[in-house]
Amino acid sequence: MKKEKTPLFPLQKSSQYLFFCLLMLAVLFVSFLLAIRLGSVDMDFDVIKKVLVNKLTGRTIYEDTWRASTELIIWTIRTPRILTAFVVGAGLTLCGILMQVLTKNSLADPYVLGISHGASAGAVSVIMYGWLSVLGGYGTMAGAFLGAVISIVLALRIATVRNKVTATQLVLAGIAVSALFGAVTNFMIYHTKTGSDKVKTASYWMMGSLSGASWEKLKYAAIAFAVCFVLIMLLTRQLDVLLLGDDVAATVGVDTGKLKIWIIVIATLLTGVIVSVSGTIGFVGLTFPHITRSIVGTKHRRLVPASMLVGGTFLVIADILSRVVVAPEELPIGVVSAFFGAPFFLYLIRKSNGKFGGGK
């Protein structure tokens, strides 16, 4: 990633970039409506419109001619779930961008580097044993954050050789940490009484699920995402320079050590929050920064917003598939993302001729 590659579909003009973002917003809007309509119980578009208008305006513009259960499904269950899907997809994509800048490696993301698995282990420990229950509803979120912090610190310690961390070492260390925390999580589930509700919840949640989405959880996830997004947009110039190498960045006045700490803190915090509301969803942070980069280029002022739209829209569509493919049952959304992301991951490895792309 040291050299800026020519975009596959170069959007050189601002008008072209704006058109791409507007196109993605249109796709997102259509996906949003379809996600509300489709599921184990299909909704009518006219009813969807009336319920949303009434709720968003806070007034009874349309008379309630529908069942209370219909309004419950549209507003209380599906709408927060779909918005959560977008926040999770956009957040994972943002974390993927940060990890790829940090390692200068297009194969890096929170899932590959072990952050997601660490967050998952922390959250599962709260679910299974009730640790941090004093924090109430924030317990799972706090557990996920602590697990994410421990995993990235451990990966960095393993990857550090002679006070230096190379991209290859960090990716390999991340894979090892992922396996370690995956084993810890499986042990906790195995050690608990088989058939208990906690085991079922943890097992399903480990594969990624938005079934527990609510307005309350969405609020905290959205706030965390918004804060991290603003911080990253303020650092876009430094991120561009960091891609050129630490030495070059230092010569133009960028404090690379401080910048990397910011990257790690933001990515870890956001990953912990996301995992606490959605479970472990892989490959989103790997796939969509890479795809969007091939379209809009590597300048982060353009890449971050565009990738956020692409990744968020994908997860909304993935959530539709998870609820429709095996209806009336629900397929874990992490399974859907893996179906798309895993082949792309193999493609990247193949493209790099088996090398992990370098950068120090």
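Structure shown above.
The text that follows walks through the structure, step by step, so that each part is easy to find. (Residues numbered from 1 in each chain as written. Predicted model: local features only at pLDDT ≥ 70, side-chain atom pairs only at ≥ 80, totals over all residues. Heavy atoms only, no water.)

We now examine the overall build of the protein chain. Looking only at helices and strands, the protein chain has 14 helices and two strands in total. Taken over the C-alpha trace, the protein chain has a radius of gyration of 21 Å; the compact-globule value for 360 residues is 21 Å, and the two agree within 12%. Projected onto the principal axes, the alpha-carbon positions of the protein chain cover approximately 65 × 55 × 35 Å. For the protein chain, the proportion of its 360 residues judged to be buried stands at 51%. If you sum the accessible surface of the protein chain, you get close to 17300 Å²; carbon and sulfur atoms cover 66% of it. (Helix = DSSP H or I, 4+ residues; strand = E, 2+ residues; numbered from the N terminus. Rg over C-alpha atoms; globule rule 2.2 N^0.38 Å. Buried < 20%, exposed > 50% of the residue type's maximum accessible area, 1.4 Å probe, protein only. Areas by Shrake-Rupley, 256 points an atom, 1.4 Å probe, with all protein chains shown as cover.)

Take the packing of helix α3 (residues 68-103) against helix α12 (residues 284-296) next. When two helices pack together, you describe them by how their axes are tilted relative to each other and by the distance separating the axes. Taken N-terminus to C-terminus, the directions of α3 and α12 make an angle of 75 degrees; their axes are 7 Å apart at the nearest point. By the angle class used here, α3 and α12 are roughly perpendicular. For the pair formed by α3 and α12, the contact residues are G89, L92, T93, G96, I97 and Q100 on the first element and V284, G285, L286, F288, P289 and R293 on the second. Here the contact of α3 with α12 is built from residues that sort into six nonpolar, five polar and one charged. (Axes fitted to C-alpha atoms, helices over the stretch in contact; angles between N-to-C directions. Parallel < 35°, antiparallel > 145°, perpendicular 65-115°, else oblique. Contact = heavy atoms within 4.5 Å. Nonpolar A, V, L, I, M, F, W, Y, C, P; charged D, E, K, R; others polar.)

Here we take up the packing of aromatic side chains. Taken as a whole, this structure holds six aromatic pairs when the rule is applied. A centroid spacing of 4.5 Å and a plane angle of 40 degrees characterise the contact between F288 and F314, whose relative ring orientation is tilted. Within this pair, whereas F288 is found in helix α12, its partner F314 is found in helix α13 (residues 300-324), the two being separated by 26 residues in sequence. Accessibility classification places F288 together with F314 in one group, the buried group. Among the aromatic residues, those joined into a cluster by ring pairs are F288, F314 and F340. Between the NZ or CZ atom of R37 and the centre of the ring of F45, over which it lies, the distance is 5.3 Å. (Phe/Tyr/Trp six-rings, centres within 6.5 Å; stacked < 30°, edge-to-face > 60°. Lys NZ or Arg CZ within 6 Å of the ring centre and 35° of its normal.)

So, on to the environment of S337. You can see S337 is positioned in helix α14 (residues 333-351). In this structure the C-alpha to C-alpha distance between S337 and K217, which are 120 residues apart in sequence, comes to 22 Å. Those residues within four positions of S337 in sequence are excluded, and the remaining contacts are I281, G282, F283, V284 and F314.

Looking now at the pattern of salt bridges. The full count for this structure, using the stated rule, is nine salt bridges. Between D246 and K104 there is a salt bridge; the shortest N-O distance is 3.3 Å. With D246 in helix α10 (residues 246-251) and K104 in the loop between α3 and α4 (115-129), the pair connects residues that are 142 residues apart, well separated along the chain. By relative accessible area, K104 is classed as buried at 1%. For R323, the salt bridge identified is with D319, shortest N-O distance 3.3 Å. You can see R323 and its partner D319 sitting in helix α13, four residues apart, about one turn around the helix. Taking relative accessible area as the criterion, R323 reaches 8% and is therefore assigned buried. Accessibility expressed as a relative area gives 0% for D319, which makes it buried. Through salt bridges with shared partners, a single ionic network connects R81, D319, R323 and E330. (Salt bridge = Lys/Arg side-chain N within 4 Å of Asp/Glu carboxyl O.)

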